Amino acid sequence: MKKEKTKNSRIQSRLITYIWICVFPFIIFFGFAIFQLLQYYQKYDQLVRNITSANEYNMDFKNSMDEMMYKIIIGSANWTDSEKKLEGEDPKGLIAQATEHFIELRANTETQNVQADLDALIKLLGILDERVDDILKNVAEGGHYDENIEMLDMNIRTLTSLIQDDIQKYIYDEATNMEKLRREVASSLVSTLRLLVIMLILMLLVVFILSRRLSRRITQPITELAAMTEKFAGGDFTVSYHTNSNDEMETLAESFNSMVKEIEVLIEGIHREQENAKDAELRLLQEQINPHFLYNTLDAIIWMTESGENKKAIQIIQELSSFFRISLSKGQSEITIKNEKEHVRSYLEIQRYRYQDILDYEIDFDEEILENHIQKLTLQPIVENALYHGIKNKRGRGMIRVTGKADGDDIVFTVEDNGRGMTEEELARLRRLISGEESSDDQRGFGMANVEKRLEMLYGSDYGMTVKSEYDKGTEVTVKIPRV
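K.L.:
Would you take a moment to explain a nonpolar patch on the surface for this structure?
P.N.:
On the surface, Ile16, Ile19, Trp20, Val23, Phe24, Ile27 and Ile28 cluster together to form a nonpolar patch covering roughly 660 Å² of accessible area. Residue position: Ile27 is located in helix H2 (residues 10–74).

In structure tokens, the structure reads:
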């Protein structure tokens with residue numbers, strides 16, 4: 001069972017694999033591009049923040065420091081009296097704040113020239129702090145006015161000028177680094193675009209190769225099997241088809257070969273029977289297999305595959321495999337109602353793909369009857385008749401509804417359609433064909449007459465089918481069998 005499940009998903013798994021082969025490189029590429037872009041953004045953002053913060057010190061530090069120290073020296077900012085000390089006039093705090101800020105910038109940069117700028121700047125701030133201490137010490141002792149003014153001019157203002165120059169140099173070097181980063185981003189963008197174009201071309205080439213390969217893997221065995229089926233439909237029962245694809249086509253090929261072998265055996269048995277029974281049984285076998293139905297279905301699969309509808313093709317292949325497995329049933333003539341239901345569903349699902357614009361269907365069987373038995377191919381010919389002679393002749397969409405219910409010791413099936421229906425004359429003729437009162441080569445009556453004949457032979461005259469129809473409203477066929 002596990003092996004069968006693997007086969008049933010082989011074509012779909014191969015299709016998904018081919019899609020991932022095409023998509024996965026693009027996922028990797030775009031992930032790398034986004035990661036690289038994020039890195040560039042973080043570098044750029046850090047440079048902007050550094051320049052912006054340093055520029056604030058470049059504009060205010062020298063003026064603030066010179067003015068603060070001058071006020072302290074002339075006494076307008078009483079450094080020794082905290083009550084008279086003006087708010088915000090703390091040269092030591094300003095130097096400590098600037099030093100801490102530039103040390104933080106130094107820790108966050110890896111560029112050598114910028115590190116050198118910041119090292120020099122931090123060193124000047126340390127010297128400035130020492131010179132400020134000298135002046136503050138003199139102010140605290142009192143006097144020393146001339147000496148303090150001289151120290152202000154010679155030391156403080158000189159050092160703040162040098163600090164301002166170093167800040168400007170730092171800003172200039174960071175701006176230079178920003179320009180280098182911009183050129184690096186531009187170069188990376190051009191390289192990325194080139195790589196993207198190359199990958200797109202390669203992907204299109206890979207998609208072209210893989211699509212041709214997948215299409216050939218699907219269409220070639222279908223075409224070969226269609227040719228075998230055409231020979232088989234022409235009466236050559238010696239044909240066989242073999243493939244090592246290990247997918248749904250292998251299952252279909254095995255079912256086809258088994259079907260051909262069983263039919264050959266059945267035909268040999270038919271030749272030993274009476275002439276009339278021989279003709280009837282042969283037509284029954286043709287009804288069971290319906291090679292034209294298989295041939296048309298394979299044509300539809302080829303058309304779907306060539307038009308790129310691979311998933312639909314896979315689904316219809318799976319339904320066709322299920323249809324023929326149940327049709328064969330290992331040579332058994334009797335199957336469970338559950339299998340008969342699945343057989344009808346597979347048939348209608350295949351036809352729904354072909355007649356999707358006109359066909360809807362419903363199947364509703366009671367759970368309690370599913371394990372009971374029924375002669376195989378009891379309901380499918382009736383459903384086929386409803387489709388070809390009811391729904392296809394109706395304008396617009398049609399509905400086929402198949403139900404199965406327990407009725408005491410019996411089981412009752414109904415096949416309803418809202419198709420064209422029949423006139424009273426047509427209905428009367430069909431009833432005569434089904435009952436055997438009249439014979440005809442009309443395909444419409446043969447399949448149903450065959451079902452009626454088998455039911456009567458197996459279960460007696462109390463069982464069989466009844467037909468009700470009304471022109472332009474639809475047809476209802478009821479089948480009654482014993483519950484076995």
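K.L.:
What is the right way to look at the pairing of strand S4 (residues 398–407) in this model?
P.N.:
The two faces of a sheet get side chains in turn, since along a regular strand they alternate between them. By the bridge criterion, seven bridges tie strand S2 (residues 359–365) to S4 in an arrangement that is parallel. Among the inter-strand pairings, Asp360 is bridged to a residue of S4, identified as Met399. Sheet topology note: the S4/strand S5 (residues 410–417) ladder contains eight bridges and is antiparallel. Bridging across to S5, Arg401 finds its partner in Glu416. Here S4 hands over to S5 after two residues, with Gly408 in that stretch at a positive phi of 65°.

K.L.:
Mind showing me how you'd approach the packing of helix H3 (residues 91–107) against helix H4 (residues 112–141) here?
P.N.:
To describe two helices that pack against each other, one gives the angle between their axes and the distance between the axes. Two elements in contact, H3 and H4, have axes whose closest approach is 10 Å; the angle formed by their N-to-C orientations is 165°. Regarding the angle of H3 to H4, the classification is roughly antiparallel. Handedness of the H3/H4 crossing: left-handed. Where H3 abuts H4, its residues Pro91, Lys92, Ile95, Ala98, Thr99, Phe102, Ile103, Leu105 and Arg106 lie against Gln115, Leu118, Asp119, Leu121, Ile122, Leu125, Leu128, Asp129, Val132, Asp133 and Leu136. Of the residues in the contact of H3 with H4, the class split is 13 nonpolar, two polar and five charged.

K.L.:
Mind showing me how you'd approach the pattern of salt bridges here?
P.N.:
Two side chains carrying opposite charge are able to pair once their charged atoms lie near each other. Across all of its chains, the model carries 22 salt bridges by this definition. One network of salt bridges, in which partners are shared, links Lys92, Asp129 and Asp133.

K.L.:
Help me out: how do you make sense of the sheet that holds strand S6 (residues 464–470) in this one?
P.N.:
Hydrogen bonds along the backbone pair up the strands of a sheet, which may run parallel or antiparallel. Overall, mixed pairing links the five strands, which are arranged S2-S4-S5-S7-S6 in an open sheet. Pairing within the sheet leaves two strands with one partner each, and these edge strands are S2 and S6. Averaged over all adjacent pairs, the angle separating strand axes in this sheet is 10°, with direction ignored. Pairing of S6 with strand S7 (residues 474–482) involves seven bridges; the strand directions are antiparallel. Opposite Val467, over in S7, you have Val477 as the bridge partner.

K.L.:
I keep staring at helix H11 (residues 380–391) and nothing clicks. Help me out?
P.N.:
Two residues of an α-helix separated by three or four positions point the same way, owing to the 3.6 residues in each turn. Extensive coverage of H11 is indicated by the burial of ten of its twelve residues. Looking at H11, one finds that the buried residues are Gln380, Pro381, Ile382, Val383, Glu384, Asn385, Ala386, Leu387, Gly390 and Ile391.

K.L.:
What should I look at first to understand helix H9 (residues 310–328) in this one?
P.N.:
For H9, spanning 19 residues, the distance from its first C-alpha to its last is 27 Å, which sits close to the expected 27 Å at 1.5 Å a residue. In the segment just after H9, Ser329 is the residue with positive phi, at about 50°.

K.L.:
What is the right way to look at the pairing of S7 in this model?
P.N.:
Counting buried positions along S7 gives seven out of nine residues, so the element sits mostly inside the fold. Both S5 and S7 contribute to a ladder of eight bridges, which runs antiparallel. The partner of Asp417 across the bridge, within S7, is Thr475. The antiparallel pairing of S6 with S7 creates a hairpin that spans three residues between the two strands, and Asp472 there sits at a positive phi of about 70°.

K.L.:
What am I meant to see in the environment of Asp366 here?
P.N.:
Among the structural elements, Asp366 can be located in the loop between S2 and strand S3 (373–375). A residue is classified by how much of its surface remains accessible, and Asp366, at 25% relative accessible area, is partly exposed. Placed 37 residues apart in sequence, Asp366 and Thr403 show a C-alpha to C-alpha distance of 8.2 Å. Once residues lying within four places of it in the same chain are set aside, the contact partners of Asp366 are Gly404, Lys405 and Ala406.

K.L.:
Help me out: how do you make sense of a positive patch on the surface in this one?
P.N.:
A contiguous patch of positive charge on the surface is contributed by Arg212, Arg213, Arg216 and Arg217. Mapped onto the elements of the fold, Arg213 is located in helix H5 (residues 145–233). On the basis of relative accessible area, Arg213 is assigned to the partly exposed category, the value being 37%.

K.L.:
Teacher, can you tell me more about unusual backbone geometry here?
P.N.:
Leaving glycine aside, a negative phi is the common case for residues, and trans is the common case for peptide bonds. Its identity is not glycine, yet Leu377 carries a phi of approximately 60°, on the positive side. Tracing the backbone through its elements, the reader meets Leu377 in the loop between S3 and H11. Positive phi outside glycine occurs at Asp472, with the angle close to 70°. Relative to the helices and strands, Asp472 is located in the loop between S6 and S7.

K.L.:
It is not clear to me how the nonpolar core should be interpreted in this structure. Could you clarify?
P.N.:
Generally speaking, nonpolar side chains in soluble globular proteins are found buried as a group. Core analysis: the largest hydrophobic core is formed by 69 residues, its most contacted members being Phe256, Leu298, Leu320, Ile400, Phe413 and Val479. Core analysis: the second largest hydrophobic core is formed by 32 residues, Met69, Leu124, Leu136 and Leu152 among them.

K.L.:
How do you make sense of the packing of aromatic side chains when you look at a structure like this?
P.N.:
Aromatic rings considered in pairs are described by the distance between their centres and by the relative angle of their planes. Within the structure shown, the criterion is met by five aromatic pairs. Between Tyr355 and Tyr388, the aromatic rings sit 6.5 Å apart at their centres with planes inclined by 90°, giving edge-to-face as the arrangement. Of this pair, Tyr355 sits in the loop between helix H10 (337–354) and S2 while Tyr388 sits in helix H11, and the two are 33 residues apart along the sequence. Residue Tyr388 is classed as partly exposed on the basis of its relative accessible area of 25%. For the ring pair Phe365 and Phe413, a centre distance of 5.5 Å and an interplane angle of 55° mean the geometry is tilted. With Phe365 in strand S2 and Phe413 in strand S5, this residue pair connects regions lying 48 residues apart in the sequence. One exposure class covers both Phe365 and Phe413, and it is buried. Counting every residue linked through ring pairs, the aromatic cluster contains Phe323, Phe324 and Tyr347. Over the ring of Tyr353 we find Arg352, and its NZ or CZ is 5.6 Å from the ring centre.

The rules behind each value
Residues numbered from 1 in each chain as written. Predicted model: local features only at pLDDT ≥ 70, side-chain atom pairs only at ≥ 80, totals over all residues. Heavy atoms only, no water. Patch = residues over 30% accessible without salt bridge, like charges linked within 9 Å, V, L, I, M, F, W, Y side chains within 5 Å. Areas by Shrake-Rupley, 256 points an atom, 1.4 Å probe, with all protein chains shown as cover. Salt bridge = Lys/Arg side-chain N within 4 Å of Asp/Glu carboxyl O. Helix = DSSP H or I, 4+ residues; strand = E, 2+ residues; numbered from the N terminus. Pairing = 2+ DSSP bridges. Axes fitted to C-alpha atoms, helices over the stretch in contact; angles between N-to-C directions. Parallel < 35°, antiparallel > 145°, perpendicular 65-115°, else oblique. Left-handed = near helix turned anticlockwise from the far one by under 90°. Contact = heavy atoms within 4.5 Å. Nonpolar A, V, L, I, M, F, W, Y, C, P; charged D, E, K, R; others polar. Buried < 20%, exposed > 50% of the residue type's maximum accessible area, 1.4 Å probe, protein only. Expected span 1.5 Å × (residues − 1). Lys, Arg positive; Asp, Glu negative; His and termini not counted. Charge placed at Lys NZ, Arg CZ, Asp CG, Glu CD. Core = buried A, V, L, I, M, F, W, Y, C linked by side-chain atoms within 4.5 Å. Phe/Tyr/Trp six-rings, centres within 6.5 Å; stacked < 30°, edge-to-face > 60°. Lys NZ or Arg CZ within 6 Å of the ring centre and 35° of its normal.

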